[in-house]
Amino acid sequence: VQLQASGGGLVQPGGSLRLSCVASGSALSMGWYRDVPGKEREFVALISTTSGITNYGDSVKGRFTISNDSAKNRVYLQMSNLKPEDTAVYYCHAMRLIGTQITNYWGQGTQVTVSS
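Bear in mind the structure is a predicted one, so any value in this text is a computation, not a measurement. (Residues numbered from 1 in each chain as written. Predicted model: local features only at pLDDT ≥ 70, side-chain atom pairs only at ≥ 80, totals over all residues. Heavy atoms only, no water.)

Asker: Explain the side chain of Ser20 here, please?
Answerer: Position of Ser20 among the secondary structure elements: in strand β3 (residues 17-23). Residue Ser20 is classed as buried on the basis of its relative accessible area of 11%. For Ser20, the side chain forms a polar contact with the side chain of Arg74, separated by 3.2 Å. Residue contacts for Ser20: discarding those within four places in its chain leaves Gln4, Ala5, Ser6, Trp32, Arg74, Val75 and Tyr76. (Helix = DSSP H or I, 4+ residues; strand = E, 2+ residues; numbered from the N terminus. Buried < 20%, exposed > 50% of the residue type's maximum accessible area, 1.4 Å probe, protein only. Polar contact = N/O pair within 3.5 Å; in protein donor to acceptor, adjacent residues only side chain to side chain. Contact = heavy atoms within 4.5 Å.)

Asker: Quick question: what am I supposed to make of the side chain of Thr110 here?
Answerer: With respect to the secondary-structure elements, Thr110 resides in strand β11 (residues 110-114). A polar contact is formed between the side chain of Thr110 and the backbone nitrogen of Gly8, at a distance of 3.2 Å.

Asker: Looking at this structure, I do not really get the packing of aromatic side chains. What am I missing?
Answerer: Ring pairs (aromatic) are described by centroid distance and by the angle formed between their planes. In total, this model carries two aromatic pairs according to the counting rule given. Judged by centre distance (5.4 Å) and plane angle (70 degrees), the rings of Tyr33 and Phe43 are edge-to-face. With Tyr33 in strand β4 (residues 29-35) and Phe43 in strand β5 (residues 42-48), the pair connects residues that are ten residues apart, well separated along the chain. Centre to centre, the rings of Tyr33 and Trp106 are 5.1 Å apart; their planes meet at 70 degrees, and the pair counts as edge-to-face. Taken together, the positions of Tyr33 in strand β4 and Trp106 in strand β10 (residues 101-106) put the pair 73 residues apart, joining distant regions of the chain. Take Trp106: its relative accessible area is 39%, and that puts it in the partly exposed class. Through a chain of ring-to-ring contacts, the aromatic side chains of Tyr33, Phe43 and Trp106 assemble into a single cluster. We note Arg41 situated over the ring of Tyr91; from NZ or CZ to the ring centre the distance is 4.2 Å. A cation over an aromatic ring shows up here: Arg41 above the ring of Trp106, its NZ or CZ 4.6 Å from the ring centre. (Phe/Tyr/Trp six-rings, centres within 6.5 Å; stacked < 30°, edge-to-face > 60°. Lys NZ or Arg CZ within 6 Å of the ring centre and 35° of its normal.)

Rendered as C-alpha cells:
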C-alpha cells in the first residue's frame, strides 16, 4: 500500500489546517503520527476503517478530529486551535492484516508549521 499525504503548511497559532492522506489500497486502520526533532515519533490520531472508532493522543484531544472515507481509502485530520508545539512533520500511517500478519505502512511526511 502506498500512502500520499497532503495539506501541510504554515498557519498562525489558533488557526486551522486539514491534512489528507490517500491509500492505494484498503487498510484496517489509518492514522497520523508526527515527528519533532529530538523527540520520539508521537501518536496523533487513528481511525478504524471498519468500525469508525477513533483514538487520539493526549496532546491533541479536543482540538484535532480524524475522519475517513473508506470508499476512497482516504483519511483526514482536521486540526484546530493549533499551537506552536504542534509544529512537526506529520506522517500518514495505515495498518493492514495480510493473513495473520499485521503490516504497517507509512507515507511521506508533510510539514506543519505553527508560527506567527
